[in-house]
Structure formats: structure tokens, C-alpha cells
Amino acid sequence: MSSHTQHEQTGGFEPKIVAFVCNWCTYAGADLAGTSRMEYKPNVRIIKLPCTGRIDPLFIIKAFEKGADGVLVSGCHPGDCHYTTGNYHARRRWIAFKNLMDFVGIDSQRLHFSWVSASEAIKWVDLVNNITDEVKKLGPFVEYKSLGDRQ
Amino acid sequence: MGMAQRKVIYTPFPQAVPNIPVIDAANCPKIQKDKCGACASVSDPRCIDFKQQDTVITEDIGAIIVATGYQLMPNERFGEYGYGKIKDVISGLQFERLASASGPTGGEIRRPSDGKTPKNVVFIQCVGSRDEKKGVSYCSKICCMYTAKHTMLYKHKVHDGQSYVFYMDIRAGGKRYEEFVRRAIEHDGAMYLRGRVSRVYERDGKVIVQGADTLSGNQVEIEADMVVLATAIVSREGADTMAQKLGIGYDKYKFYNEYHPKLKPVETVTAGIFLAGTCVGPMDIPESVSMGSAAASKVLALFSNDQMAREPITANVNRTTCNGCWDCLVACPYSAIEEDAVKNRQGIVLKMLAKVNEGVCQGCGVCVAACRSKSIDLRGYTDEQVYAALAAF
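Cut-offs applied
- Residues numbered from 1 in each chain as written.
- Chains lettered and ligands numbered in written order.
- Predicted model: local features only at pLDDT ≥ 70, side-chain atom pairs only at ≥ 80, totals over all residues.
- Heavy atoms only, no water.
- Helix = DSSP H or I, 4+ residues; strand = E, 2+ residues; numbered from the N terminus.
- Rg over C-alpha atoms; globule rule 2.2 N^0.38 Å.
- Buried < 20%, exposed > 50% of the residue type's maximum accessible area, 1.4 Å probe, protein only.
- Contact = heavy atoms within 4.5 Å.
- Areas by Shrake-Rupley, 256 points an atom, 1.4 Å probe, with all protein chains shown as cover.
- Lys, Arg positive; Asp, Glu negative; His and termini not counted.
- Charge placed at Lys NZ, Arg CZ, Asp CG, Glu CD.
- 1 Å grid on protein atoms, 1.4 Å probe; cavity = no way out; pocket = protein on both sides within 12 Å on 5 of 7 lines; lining within 4 Å.
- Points joined across faces, edges and corners; volume = space filled by probe spheres on them.
- Nonpolar A, V, L, I, M, F, W, Y, C, P; charged D, E, K, R; others polar.
- Axes fitted to C-alpha atoms, helices over the stretch in contact; angles between N-to-C directions.
- Parallel < 35°, antiparallel > 145°, perpendicular 65-115°, else oblique.
- Left-handed = near helix turned anticlockwise from the far one by under 90°.
- Pairing = 2+ DSSP bridges.
- Phe/Tyr/Trp six-rings, centres within 6.5 Å; stacked < 30°, edge-to-face > 60°.
- Lys NZ or Arg CZ within 6 Å of the ring centre and 35° of its normal.
- Disulfide = S-S within 2.5 Å.

Student: Looking at this model, I keep getting lost on the overall build of chain A. Mind explaining?
Tutor: Summing up its helical and strand segments, chain A has six helices and four strands in all. If you list the helices and strands of chain A from N to C, you get α-β-α-β-α-β-α-β-α-α. In terms of overall size, chain A behaves like a compact globule, its C-alpha atoms giving a radius of gyration of 15 Å where 151 residues would be expected to give roughly 15 Å. With the C-alpha coordinates of chain A rotated into their principal frame, the extents come out at 45 × 35 × 20 Å. A buried classification covers 50% of the 151 residues belonging to chain A. Taking contacts inside chain A between residues at least 6 apart in sequence as the whole, the part at least 24 apart equals 81%. Total accessible area on chain A stands at roughly 7000 Å², and carbon and sulfur atoms take up 52% of it. In chain A, the 18 positive side-chain charges and the 16 negative ones have mean positions that sit 5 Å from each other.

Here's what the structure looks like:
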């Protein structure tokens, strides 16, 4: 927490962003960005899951508790899910839990949801860059981190 | 292609597989008005069945090769080239038919408007290709080579004819391809002009082509007798709905995604589905043939094993905490969750618990997130593993 404050004072705050991505679309898209030698902000930490439908909302809370300043959830476009309907489950869960996240004190500006397909390397690069800039403006998210420290 | 008339019963083309005649049902008088039927009287009557209907055939299959091909971008989109308005502006495929011995003119190059032999033919390349504003951003790859071939065919059939080719770049990447284009230019006298065409219009029975020659820096105007457009390759109509049916990925141009562009070029992310040919992107005949052969051998390799290797990532139920709420059963897209009875020694059913059929489970983990009592976990992606990954940040 103290390191965050120091960074802020020196203007060098680099946010930590956790991205929960699915194996088939967004992970492959991020991989394509790599093989195409595109550059993007290094602030994102990718956690690969088979499908966005695997994402338990608790993962997101846990990510903030472990020090994330922003969370990104990204999967296949509607209709393109490798598992047919997994991204629809994720979308429904997202709609149901977004307000709840707000209620428990997570600023919805720190939460992002997107569809990035396996061929959309450029979209992935833009997405990560934009979210990093946005979260950077919001500053460090310390409330949940302090809960984690207390444990 | 609307270049000549054909009969209502016809063989699609001499090399068709299978090489048997088909009936154009929409125009057949026997089918439409129950008149004629002459074809049935001259052949063995069992060969022709006018009552045949489209049927849905259900088969159990082990693998699918998707080879749905491509189509051309509509030429009408490019009004400046006059396609559809000027009769003597044709597409590359139509030229192919003109030059074909089995085509409407028996292989003689004759222009559509008056049937005369054209003495000046202009070929326009990159119609829609490499044109993000009006067409697609990619290169259609085959047009440079077939245009070079067309100029050669033309010269071989019309000895005193002159062909002109407007191009952006000559992309002749491939074994002996560059030499082929050089032959068209040096041996068969095709005039290659680097530049774009701005306008095509009719004047005194001629098709006037205005364009730029960027190498000499001059504007050029050619009095042509015929213009041939090398139109962009695009994905087939309905390619996206087909991909959604099959559960395979596609890009923004609706070309299908390979599993890996370098290492798994014929596989898709869905097991048992393989790709071949231009449904993946523009490619020429040699490439399509090798891709088809590769896909076929992948399928044979799959079928030659007695046992099938599967991903070990499957869901797993904790039977001590499962309370049989069946949220997982509802969520599972594969119907891999089964109801399993727990019986006592007398064989009386005490309760029903969820059980994962590991042969059917694909390991998406939707059931894991749906489970309220946290009784299902996904091997390889357990909650514990995800939390450990989060703790590492």
C-alpha cells in the first residue's frame, strides 16, 4: 500500500490489471498480437481459463484483494463461443453481478468486459492500452488490497 | 454467367465430379407444367426422376473437412469500371469461359456486345483487393498469376491483339511464378502499366480506359475493345452461420481460423473439424490441393487409431458436498452431466448426485462457476489453481 502512495507522489504509478481471458478467442488474440510483434502496455497479467463461462465472480473480488487495480474479462464474440454457450453464461453473470460489485465497493470503472476474437490482435492491443490509461487516471485501488493484507 | 444459353438438362462442365447431367428445376417444363419429359423418353426412364425432392440426410460421421470455397466481390460495386453497364466489361471468370474450349464461343475470344474479336484488351487488377475504402484490405493473391495467364491465352488466340494490364504491384511469389509473368511481358508482349484506372466509358463502339501510368508519370487513355476485371476474392455468403454451426472461429472477413497459423494450418479449435482451401483465405490451386491433401491425411491419422486421445481437462464432482440441485445439468452445453443414484445396501435409492461423463465433457468449466455448493471443479483450472495464480501477482 505504501509503495502505491510513493508511486503516486512521483507520478510513476503503474497499475496492475488482471485479465481473465478464454483460451480460444482472447488468449489466441493476445497470442497473435505477440506473434505479430505488436507492442502494448505491460501492465496486464493474463489468467487463461478454458472459457469465460468458467469465471466465478469471486475470482474478480479475489483479484482486487490480491492487489489488482483493474480487472478485464474478455472472451469470444456472442455466437462464436468454442463451447457453444459459455460466453452467454459469462455475459448473464456479468449483468447480474456488475451492480453487486458496485455495491460491495468496487468502482465499475475498474471493471471491463469485452469480446476479442482470435484474429483481433489489434483490438486486444487497443483494449489493454485504453484500460491501462483509464485505470492509471483512477489511481491505485487500495481498499480491497488492505482487506487482503489483514488476512 | 449469362454468356450463352444452355439446355434445361445439362452437365455443369466437362470436368464435373460426378460427371452426370442435372435438371434446372426452375425452368424445366416437365417439373413446372408437366409438359415435355422428352429427356426421360430417350434415356433409360429409371435415370430421370422428376419427382425427386431435396432431402435432409442424417449420418453419423467421425470428422468434417470444411472446404466451402470463396466467391467474388460483386463487380457492380465498382461503378467507375462500368461492369453491368458496358457489355464489353467482363470479369476474369467470364474471360476464362471465353478462352475455354468448352465455353460459349468454343474457345474463340469474342467480345460479348457484337461477337467481334477484340484487338485491344485491358486487364484491370486489384478490383476490390488492397482497397480498404471500397473493398478489402488484403491481397487476393491469385489475380496477378491468372491475369498473366489470360494475357498469354489471349495472345495465343489473337495473334495481332495487344493486351494491357493495370497493376499496383506484381505479386508473383511462388515457384516459377516470376518467370511466368516475365514470359507474358517479354515473350507474349503484354503491356504492363503500373497505376490505377480512374474511369471506363464507351465511345464509338470502343471502351475507353483512362488511367495513370505512375512509372512514366503520364495519364494514359486506351481505346479498348474489351475490359477484364480481376475482382477480389471474398468469403462465401453464409460463411459465418456455417462457422457458428460448426463451432469454429472466423475473422472479420468471415474467413475461417486455423488452430495455429504456422503449426496447425488445417486443424480448427474444434476437434474433428479440418479446413481446406479458400474458406481459410485467398489461395491458389497448388496451395488448395496441398491443404486438401493435408486435411485428408489428418483425418486418416485420426481414424487409424483404435483409441482416441482426449484432453485431460474435464469437470469432476465432489460427491460428499453435491446436493443434487442440477444447476450444472442445466448449464452444461454438452449434456455431459448425468444423474447418478446413491443406493444403500438394500438397493434403495437414497439420493441423486451429479456425475460427469468424461467422454462427453469438453472442459469448459461453465458448470463449475454455476455450482452453488462448490462441488464441481475443473481439472487443470481448479479454484485453488486460479487463486494461486492471482496470489502470484
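Student: Would you mind showing me how to read empty space enclosed by the protein here?
Tutor: It is the rolling of a water-molecule-sized probe over the atoms that shows where space remains empty. Residues and elements named next belong to chain A. Under the defined criterion, the tally for this structure stands at five cavities of 30 Å³ or more. In this model, the largest cavity occupies a volume close to 150 Å³. What lines the largest cavity is a set of 14 residues, and nearest its centre among them are I55, I60, A90, R93 and W94. Counting only elements with at least two residues in the lining of the largest cavity, the list comes to α3 (57-65), α4 (86-103) and β4 (111-115). Among the elements that make up the lining of the largest cavity, the one with the highest residue count is α4 (six residues). Among the residues forming the lining of the largest cavity, the class breakdown is ten nonpolar, one polar and three charged. One number sums up the size of the second largest cavity: a volume of about 90 Å³.

Student: When you look at the packing of α3(A) against α4(A) in this model, what are you seeing that I'm missing?
Tutor: When two helices pack together, you describe them by how their axes are tilted relative to each other and by the distance separating the axes. All names here are of chain A. Following both chains from N to C, one finds α3 and α4 inclined at 40°, their axes separated by 10 Å at the closest point. The pairing of α3 with α4 is recorded here as oblique in orientation. Remark: the crossing between α3 and α4 carries right-handed chirality. Only R93, F97 and M101 of α4 make contact with α3, whose side of the interface consists of P57, I60 and I61.

Student: Please explain the pairing of strand β11 (residues 218-224) of chain B as it appears in this structure.
Tutor: Within a regular strand, side chains alternate between the sheet's two faces. Residues and elements named next belong to chain B. Looking at chain direction, strand β10 (residues 206-213) and β11 are connected through seven bridges and run antiparallel. Bridging across to β11, D213 finds its partner in N218. Between β10 and the antiparallel strand that follows it, β11, lie four residues; G217 among them carries a positive phi value of about 75°.

Student: For this particular structure, what's the right way to read the packing of aromatic side chains?
Tutor: Aromatic ring pairs are described here by two measures, namely the spacing of the ring centres and the angle between the planes. Per the counting criterion, the structure on display carries 14 aromatic pairs over all chains. For the ring pair B:Y138 and B:Y253, a centre distance of 4.8 Å and an interplane angle of 85° mean the geometry is edge-to-face. Note that B:Y138 is positioned in the loop between β6 (120-127) and α4 (143-157) and B:Y253 in the loop between α6 (239-246) and β14 (273-275), a separation of 115 residues in sequence. A relative accessible area of 22% places B:Y253 in the partly exposed class. By the ring-pair criterion, three or more aromatic residues cluster together here, those being A:W24, A:Y83, B:Y259 and B:Y334. The ring of A:Y27 has A:K48 lying over it, and the distance from NZ or CZ to the ring centre is 4.8 Å. Positioned above the aromatic ring of B:Y201 is the side chain of B:R199, whose terminal nitrogen or guanidinium carbon lies 4.2 Å from the ring centre.

Student: I tried to follow the side chain of A:H89 on my own but got confused; where do I start?
Tutor: Here A:H89 shows up in helix α4. Among residues more than four places away in sequence, those in contact with A:H89 are B:A331 and B:V366.

Student: So what exactly am I meant to see when it comes to the state of the cysteines here?
Tutor: Tallied over the full model, the rule gives one disulfide over all chains. Linked covalently through their sulfurs, A:C25 and A:C76 form a disulfide whose S-S length is 2.2 Å. Disulfide A:C25-A:C76: torsion about the S-S bond near 100°, hence right-handed. Of this pair, A:C25 sits in the loop between β1 (17-22) and α2 (26-35) while A:C76 sits in the loop between β3 (70-75) and α4, and the two are 51 residues apart along the sequence. Each member of the pair, A:C25 together with A:C76, is buried. Looking at the unpaired B:C36, the closest cysteine sulfur is the one in B:C39, lying at 6.3 Å. Residue classification places B:C36 among the exposed residues on the basis of a relative accessible area of 64%. Here B:C139 is not cross-linked by a disulfide; its sulfur's nearest cysteine counterpart is in B:C144, at 6.2 Å.

Student: Looking at this structure, how should I read unusual backbone geometry?
Tutor: Residues other than glycine predominantly adopt negative phi, and peptide bonds predominantly adopt the trans conformation. For the peptide bond that leads from B:V17 to B:P18, omega is -5°, which places it in the cis range. One non-glycine residue, A:R37, lies in the positive phi region at around 60°. Note that A:R37 resides in the loop between α2 and β2 (44-49). Taking relative accessible area as the criterion, A:R37 reaches 75% and is therefore assigned exposed.

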